[in-house]
Amino acid sequence: MSLKRRYDEFNGVNDDTDDEDISPGKQILPVAKLPADFDGDPEDGLEYLFLVRRDAKKLPFVTRVSNPYQSPTRALPATTLTASPSSSLPSFQWREVCGSRFKHFKNNLRQTDIDLSSPLLKSMPAKKERDHWWAFLSGKPDAEWNPPKRPKSEPSSKFGGMRGFDPYVADMEVDTVLRYDIEDSLSAASTATSPREPVPSIIQSIDERMALHLLMYFAHWINQHLSKPDLPYEPTESHARWIFALLTRLDDELSADDMNLLRNLARAVLDFLKTRHQETMVEASELSTDVEGKDSDQRMSQRSCWIVLTIIIDGWKQRDLWLETENALRSVTTLERNPTRA
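## Observations regarding the overall build of the protein
Helix and strand content of the protein: 14 helices and 0 strands. Element order for the protein, N to C, with α for helix and β for strand: α-α-α-α-α-α-α-α-α-α-α-α-α-α. By the burial criterion, 32% of the 342 residues in the protein qualify as buried. Counting contacts in the protein only where the partners sit at least 6 residues apart, residues at least 24 apart contribute 70% of the total. As displayed, the protein offers around 23,000 Å² of accessible surface, 54% of which is attributable to carbon and sulfur atoms.

## Focus: the side chain of Arg95
As for its placement among the helices and strands, Arg95 is situated in helix 3 (residues 92-111). Residue Arg95 is classed as buried on the basis of its relative accessible area, which comes to 13%. Those residues in contact with Arg95 that sit more than four places away from it in its chain are Pro90, Thr310, Asp314 and Trp322.

## Some words on the packing of helix 10 (residues 237-247) against helix 13 (residues 302-315)
When two helices pack together, you describe them by how their axes are tilted relative to each other and by the distance separating the axes. Axis separation between helix 10 and helix 13 bottoms out at 10 Å; the angle between their running directions is 15°. Of the possible angle classes, the one that applies to helix 10 and helix 13 is roughly parallel. Relative to helix 13, helix 10 is oriented so that their crossing is left-handed. Mapping the contact onto sequence places Glu237, Ala240, Ile243, Phe244 and Leu247 in helix 10 and Arg303, Ser304, Ile307, Val308, Ile311 and Ile312 in helix 13. In terms of residue class, the contact of helix 10 with helix 13 is built from 8 nonpolar, 1 polar and 2 charged.

## A word on the pattern of salt bridges
Per the stated rule, a full pass over the model turns up 14 salt bridges. Across the pair Arg110 and Asp251 runs a salt bridge, and its minimum N-O distance is 3.9 Å. Of this pair, Arg110 sits in helix 3 while Asp251 is found in the loop between helix 10 and helix 11 (256-286), placing the two residues 141 residues apart along the sequence. Its relative accessible area of 38% is what places Asp251 among the partly exposed residues. Glu326 is the salt-bridge partner of Arg330, the closest N and O atoms lying 3.4 Å from each other. Here Arg330 pairs with Glu326, and both are found in helix 14 (residues 320-337), just 4 residues apart, close to one helical turn. For Arg330, a relative accessible area of 42% corresponds to the partly exposed category.

## Concerning the packing of helix 9 (residues 208-227) against helix 10
Running from N to C, helix 9 and helix 10 point in directions that differ by 150°, and their axes come no closer than 10 Å. Looking at the two axes, helix 9 sits roughly antiparallel to helix 10. Handedness of the crossing formed by helix 9 with helix 10: left-handed. Across the interface between the two elements, Ala211, Leu214, Leu215 and Phe218 from helix 9 touch His239, Trp242, Ile243, Leu246 and Leu247 from helix 10. Considered class by class, the residues forming the contact of helix 9 with helix 10 number 8 nonpolar, 1 polar and no charged.

## Focus: the nonpolar core
With 55 residues, the main nonpolar core has Trp133, Ile206, Leu215, Leu247, Leu250, Leu262 and Leu265 as its most contacted residues. Of all the secondary-structure elements, those providing two or more residues to this core are helix 3, helix 4 (130-137), helix 8 (200-203), helix 9, helix 10, helix 11, helix 13 and helix 14. With 10 residues, helix 9 is the single largest residue contributor to this core. Residues in contact with Leu265, not counting those within four places in the same chain, are Leu215, Phe218, Ala219, Ile243 and Ile312.

## Brief notes about the packing of aromatic side chains
By the definition in use, this model includes 8 aromatic pairs. Summarising the aromatic geometry, the rings of Trp134 and Tyr233 are spaced 5.1 Å apart at their centres and angled 85° between planes, so their arrangement reads as edge-to-face. Of this pair, Trp134 sits in helix 4 while Tyr233 sits in the loop between helix 9 and helix 10, and the two are 99 residues apart along the sequence. The pair formed by Trp134 and Tyr233 is uniform in burial state, with each residue classed as buried.

## Some words on unusual backbone geometry
Positive phi outside glycine occurs at Lys317, with the angle close to 55°. What makes Lys317 exposed here is its relative accessible area of 53%.

## Re helix 3
In this model, helix 3 (20 residues) spans 29 Å end to end at C-alpha, consistent with the 28 Å of a helix rising 1.5 Å per residue. By the burial criterion, the buried members of helix 3 are Arg95, Cys98, Phe102, Lys106 and Leu109. Viewed end-on, helix 3 has its buried residues packed into an arc of 70°, placing them on one side of the element. Along helix 3, the residues that are exposed and aim more than 90 degrees away from the buried face are Arg101, Lys103 and Gln111.

## What to know about the environment of Gly99
Residue position: Gly99 is located in helix 3. For the pair Gly99 and Ile311, spaced 212 residues apart in sequence, the C-alpha separation works out to 6.0 Å.

Procedures and definitions
Residues numbered from 1 in each chain as written. Predicted model: local features only at pLDDT ≥ 70, side-chain atom pairs only at ≥ 80, totals over all residues. Heavy atoms only, no water. Helix = DSSP H or I, 4+ residues; strand = E, 2+ residues; numbered from the N terminus. Buried < 20%, exposed > 50% of the residue type's maximum accessible area, 1.4 Å probe, protein only. Contact = heavy atoms within 4.5 Å. Areas by Shrake-Rupley, 256 points an atom, 1.4 Å probe, with all protein chains shown as cover. Axes fitted to C-alpha atoms, helices over the stretch in contact; angles between N-to-C directions. Parallel < 35°, antiparallel > 145°, perpendicular 65-115°, else oblique. Left-handed = near helix turned anticlockwise from the far one by under 90°. Nonpolar A, V, L, I, M, F, W, Y, C, P; charged D, E, K, R; others polar. Salt bridge = Lys/Arg side-chain N within 4 Å of Asp/Glu carboxyl O. Core = buried A, V, L, I, M, F, W, Y, C linked by side-chain atoms within 4.5 Å. Phe/Tyr/Trp six-rings, centres within 6.5 Å; stacked < 30°, edge-to-face > 60°. Expected span 1.5 Å × (residues − 1). Arc of directions from axis to C-beta.

Right under this line is the structure:
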């Protein structure tokens, strides 16, 4: 038996705290053993500690004071969860269904087994060949997006073997750099070809880095079409399906640079949506549907734009873009209602 135990027993001190309730701290000093209803004055330090611990047990374990600057809590209005009748945005329920279906499609696509050694998967342009990718997506023949490599020619000795002064070699180098000339693409655009669709065998062979690179190309092509409509970069419904499929290759958590790329794509799609929205309003005011009927089968529709925007904004938690989208479409509506406004 320890000396402390014998001292406690001799002096009538209760040091057994195993059966006691939760106290402010573990007992270190000896405490007198007194009745629970003891109301006398303490005669020594042991009895004083008993009274202190007894009173401490009566206090609440956690307490707080009222905040004098606290404002009453107000419930958020219901209009924050669903789009108002005058809003141009899709409803909250529609966006929920769209995001849920995209997640299911993404999970199913990742679980599908595919033979990555298939020669079909290798028949794609290089990642940095932007113009070749446009020809590939447009359904052009292989010779336009996968030209055979030219054999290296021997340097001409016409100017003493100085290759830098050989005009023939210089013309060949310029022709190699300008592989996909704008004039050729303009003439090729008039040719009726079926666009390539994002089948699983191709999509599953594209990793996240290549998917981000191709999404960057789509943002560039849409911006080019809006700034220079004469160029053959008009986004189509097939392109919308490609964007949808490429988004399934991205992780749920992206870096700041990759997220900035997605936001640029969303803004490009928003600008194109504004153009389609304005065209629809003009057609409605003129009671003409010929243009819409002609373009609805090929051009990226407003529905496809909303799907892409919903996936990016809600899927990657970029909800500040919803406010930007609503303000942009409201400006188009205001401008249409006030055509004389500068």
